[in-house]
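Descriptive structure summary
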Amino acid sequence: MSLAYYPGCTLKTKARNLEEPAVASLEALGYELEEITRWNCCGAAYSLADDDLIHQVAPVRNLVRVKESGMSQMVTLCAVCLNTLKRANLVMKADEEKRNTINSFMDEEPDYDGEVSVVHLLEVLRDEIGWETLSEKVRRPLHDLRIAAYYGCTLLRPKDVAIDDEANPTILRDFLTALGATPVEFPEFARCCGSYQVMSDPDGISEYARVIFDSALSHGAEALVLTCPLCDYDLGRGQQVLMKKDNSFRGMPMFYFTQLLALALGLGSEVCHFELNHGDPESLLRAKKLLS
Amino acid sequence: MAVTVSPKRTRRRFVSKVRELSGQNLQLCYQCGMCAGNCPSAGRMDISPRQIIELARLGLDEEIAESKTVWTCASCLACTVNCPRGFDLSKVMEAIRLLTLRTNRDHVRPEDISQQERCDLPQIAMVSGFRKFTG
Amino acid sequence: MIVEEKKSDRAQAAGKEPEQSAVKLIPVYVMGKRYEVPEGFTIMKAMEYAGYRFIRGCGCRGGTCGACGTVYRKPGDYKIQVALACQKTVEPDMYITQMPFFPVNRASYEFSDLTSAPEEVFKLYPELFRCVACNACSKACPQGVEVMDAIAALKRGDISEAARLSFECIQCGLCTSRCFGELAQYHMFQLARRIYGARILVRAEHLADMVKAVDQGKYDGILNELKNMKEDELKELYKQREVEPVSAGENWQPEDTRYL
């Protein structure tokens, strides 16, 4: 079965370790991720101003591409892309005045009124494939791997685009359980990594990371699972800064959820591109005999 | 912090612009501080998120302009989802940022980002940073 | 000013009676002023007819140098149209202004230091990430380049795709003049094409072999022979040459294969 797929810019460069294991895993599960044609950057940070329509144009254009291809659903792997695309889609669905303005501005494109649904790959795994089926396909259970289920912001906020209950999400816990890992739930599961603040204060980003890592560590996690390349960068960089500054700080490896998926499905580690991860995820995997 | 409050100030264009851009009724806030308590950036701010609302509705835009708070907000919406009054502070932060950015004054200048950072930062950070810090 | 209005008698074209020539004159507006110019003229010719003398904004007159980017609007249409002044013929009542130059950021770099990494573009043009995909650039391209798509390719680090999509770019700068994000698209594309050409494009081995053969003097003998021939002999040789038949297949070879 074929799924319309929106990658996002970073997945083509620094976050190939998010994309490539997903493509390979879905193939193993009998699905094909079909990259939409002529896609452009979604804009990453959703505009929060009521009168700002120009920043809705980029995400809507991508939704138009999906509509043109005759597909009704589009899958993303990046949590930020999901958020921005889904919120722009809501505007096109629910706000007639803005919809008309945007459609008439984009007069070179067919009209769009929110007919495509935007979903995250985790939702496909939960709602279409199902945790039970997924766990049956696991060839290399991630036994004895204690992983903190870190959601960050954009999978859960705001509520109208959240993929799960904002206060008590279970989707990552269930995902990790299906792969045979031990999910670690911790209070800072949805605390912001600092997001775009890394641009104005690159090393100051470590203050956000400290709270998240300390919380995950104190709840017994050995690693963190991620769905977003910006979380990956901010937490990875923050962790490096902290380790340099503070001898007592202990960080932990971070994995994209798709890397854990590929690993558990028994795929070769070459699709996971661990060399792009921050820290040293491979040592942990070797210690757990999940990697030779 | 001592501030001078007057009805003339609260009727300033600044207040109506913030209301208009954010779509928020500034009078909804009852200053409980839940936003500040949930804000992951609060420790890095000089004025707390709660105070921003109060200053905004009193029309004290100079005080807000001197503060780095709105530029320290990461738009994570922790305030928004936890507000007992259903008030969306993230949209007020954005409105105040835009009032500066729309006068063609950038908070971060692309040319000031070091060559090393331009290579290191992932595209997602560059795009979102420019969205929030340049006009 | 990019053009100078020459106060010659021809500059009075607006008031000139059409009986002086058989050509039909049509009205156009150059920077808001009405002139009557011969139908069928290009915008550039028409402006010269009206008395403008180009000291900038004019180059090859053949549609390839990109110096004469022009913006115009037709009556009853809100749309801004673009053209090259040397290519587009005037239409009645068109409002014309030239946009041959636009002050943009052109990064300076030492090309030999550049690799094929996407970050090379990010480093030199970080404002790339201010694109909002409004598509004003593609709409403003007189060459039909999908400018927005090429920018999208650069943002995701696909230098090859950006080079391919921007191949027809003549660097007129009209995209930049319309850009919401203040990007210098055409300079970014030139960088992309340079990187693509020098660092990504696979070299043709047979070409390298041939260059080597030339270097080693494979053709020195025949060249010297030709140089020393008399004109009549050369003409005769030319007449006698073997011509590839129109219907020749891919494997066709001349009878004399010494120089292949």
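What counts and what doesn't
Residues numbered from 1 in each chain as written. Chains lettered and ligands numbered in written order. Predicted model: local features only at pLDDT ≥ 70, side-chain atom pairs only at ≥ 80, totals over all residues. Helix = DSSP H or I, 4+ residues; strand = E, 2+ residues; numbered from the N terminus. Buried ≥ 20, exposed ≤ 12 C-beta atoms within 10 Å, placed from the backbone. Contact = placed C-beta atoms within 7 Å. Rg over C-alpha atoms; globule rule 2.2 N^0.38 Å. Axes fitted to C-alpha atoms, helices over the stretch in contact; angles between N-to-C directions. Parallel < 35°, antiparallel > 145°, perpendicular 65-115°, else oblique. Left-handed = near helix turned anticlockwise from the far one by under 90°. Nonpolar A, V, L, I, M, F, W, Y, C, P; charged D, E, K, R; others polar. Pairing = 2+ DSSP bridges. Domains from an automatic or database assignment. pLDDT = per-residue confidence, 0-100.

Section: the overall build of chain B
In terms of helices and strands, chain B carries 10 helices and 0 strands. The order of α-helices and β-strands along chain B, N terminus first, is α-α-α-α-α-α-α-α-α-α. Referenced to the eigenvectors of the C-alpha coordinate spread, the extents of chain B come out at roughly 50 × 30 × 25 Å. Within chain B, buried positions represent 46% of all 135 residues. Restricting the contact set of chain B to residue pairs at least 6 apart, pairs at least 24 apart contribute 70%.

Concerning the overall build of chain C
Across its full length, chain C carries 10 helices and 7 strands. A compact globule built from 260 residues would reach a C-alpha radius of gyration of about 18 Å, whereas chain C, at 26 Å, exceeds it by more than 25%. By principal-axis analysis of the C-alpha atoms, chain C measures approximately 70 × 55 × 35 Å. Residue burial in chain C is summarised as follows: out of 260 residues, 32% are buried. In chain C, 62% of the contacts between residues at least 6 apart in sequence involve partners at least 24 apart.

Observations concerning helix 11 (residues 257-264) of chain A
Residues and elements named next belong to chain A. Of all 8 residues making up helix 11, 8 are buried, and the element is well covered by its neighbours. Buried residues of helix 11: Phe257, Thr258, Gln259, Leu260, Leu261, Ala262, Leu263 and Ala264, and no others. Just downstream of helix 11 lies Gly266, where phi reads positive at about 85°.

Remarks on the packing of helix 4 (residues 147-155) of chain C against helix 7 (residues 185-200) of chain C
Residues and elements named next belong to chain C. Across the interface, helix 4 lies against helix 7 with an axial gap of 11 Å and an inter-helix angle of 55°. As summarised for this structure, helix 4 and helix 7 are arranged oblique, according to the angle between their axes. Two packed elements cross with a definite hand, and for helix 4 against helix 7 that hand is left-handed. Every residue of helix 7 that contacts helix 4 at Val147, Ala150, Ile151 and Leu154 is listed here: Gln185, Met188, Phe189 and Ala192. Residues that form the contact of helix 4 with helix 7 fall into these classes: 7 nonpolar, 1 polar and no charged.

Thoughts on the interface of chain A and chain B
Across the contact, 36 residues belong to chain A and 33 residues belong to chain B. Among the elements of the structure, helix 8 (197-200), helix 9 (206-218) and helix 10 (229-245) of chain A are those that each provide at least two residues to the side of chain A that touches chain B. By residue number, the principal contributor to the side of chain A that touches chain B is helix 8 of chain A, which donates 4 residues. Of the residues in the side of chain A that touches chain B, the class split is 19 nonpolar, 9 polar and 8 charged.

Comments concerning the interface of chain B and chain C
Counting residues at the interface gives 10 residues for chain B and 8 residues for chain C. Those elements that place two or more of their residues in the side of chain B that touches chain C are helix 9 (115-120) and helix 10 (123-133) of chain B. The greatest single-element share of the side of chain B that touches chain C, amounting to 4 residues, is contributed by helix 10 of chain B. Split by residue class, the side of chain B that touches chain C holds 6 nonpolar, 3 polar and 1 charged.

Examining the sheet that holds strand 7 (residues 95-98) of chain C
Residue and element names in this part refer to chain C. One open sheet accounts for 5 strands, arranged 3-2-7-5-6; its pairing is mixed. Strands with a single pairing partner mark the edges of an open sheet, and in this sheet they are strand 3 (33-38) and strand 6 (81-84). Between one strand axis and the next, the sheet turns through 35° on average, direction left out of account. Note: strand 2 (residues 25-30) against strand 3, 6 bridges, orientation antiparallel. Bridge pairing links Val28 to Tyr35 in strand 3.

Examining the domain arrangement of chain B
Under the domain assignment, chain B is made up of domain 1 (7-103) and domain 2 (108-135). Using C-alpha coordinates to define each centre, domain 1 of chain B is positioned 24 Å away from domain 2 of chain B.

Looking at the domain arrangement of chain C
Many authors give the size of an interface as the accessible area that is lost as the parts come together. All names here are of chain C. Under the domain assignment, chain C is made up of domain 1 (3-98) and domain 2 (111-200). The partner domain 2 presents 7 residues to the 7 residues of domain 1 that form the contact. At 3 residues, strand 6 tops the list of elements feeding residues into the side of domain 1 that touches domain 2. Across the side of domain 1 that touches domain 2, the residue classes break down as 4 nonpolar, 3 polar and no charged.

Things to note about the environment of Met99 of chain C
Residues and elements named next belong to chain C. Following the sequence through the fold, Met99 ends up in the loop between strand 7 and helix 2 (119-124). Judged by C-beta crowding, with 20 C-beta atoms within 10 Å, Met99 ranks as buried. Along the primary structure Met99 and Gly57 are separated by 42 residues, whereas in three dimensions their C-alpha atoms are 7.8 Å apart.

Examining unusual backbone geometry
Residues and elements named next belong to chain A. Cis geometry marks the peptide bond from Arg157 to Pro158; its omega dihedral reads -10°. Here Pro158 is to be found in the loop between strand 5 (146-149) and helix 7 (171-178). In this structure, Asp144 is a non-glycine residue whose phi angle is positive, near 70°. Of note, Asp144 is situated in the loop between helix 6 (131-137) and strand 5.

Let's talk about the sheet that holds strand 8 (residues 254-256) of chain A
Residues and elements named next belong to chain A. Overall, parallel pairing links the 4 strands, which are arranged 6-5-7-8 in an open sheet. Where the open sheet ends on each side, the last strands, each with one partner, are strand 6 (182-184) and strand 8. Ignoring which end each strand starts from, the neighbouring axes of this sheet average 40° apart.

Looking at the confidence of the model for chain C
Across chain C, the average pLDDT comes to 92, with 92% of residues at 70 or higher. Prediction confidence for the complex, expressed as pTM and ipTM, is 0.89 and 0.96 respectively.

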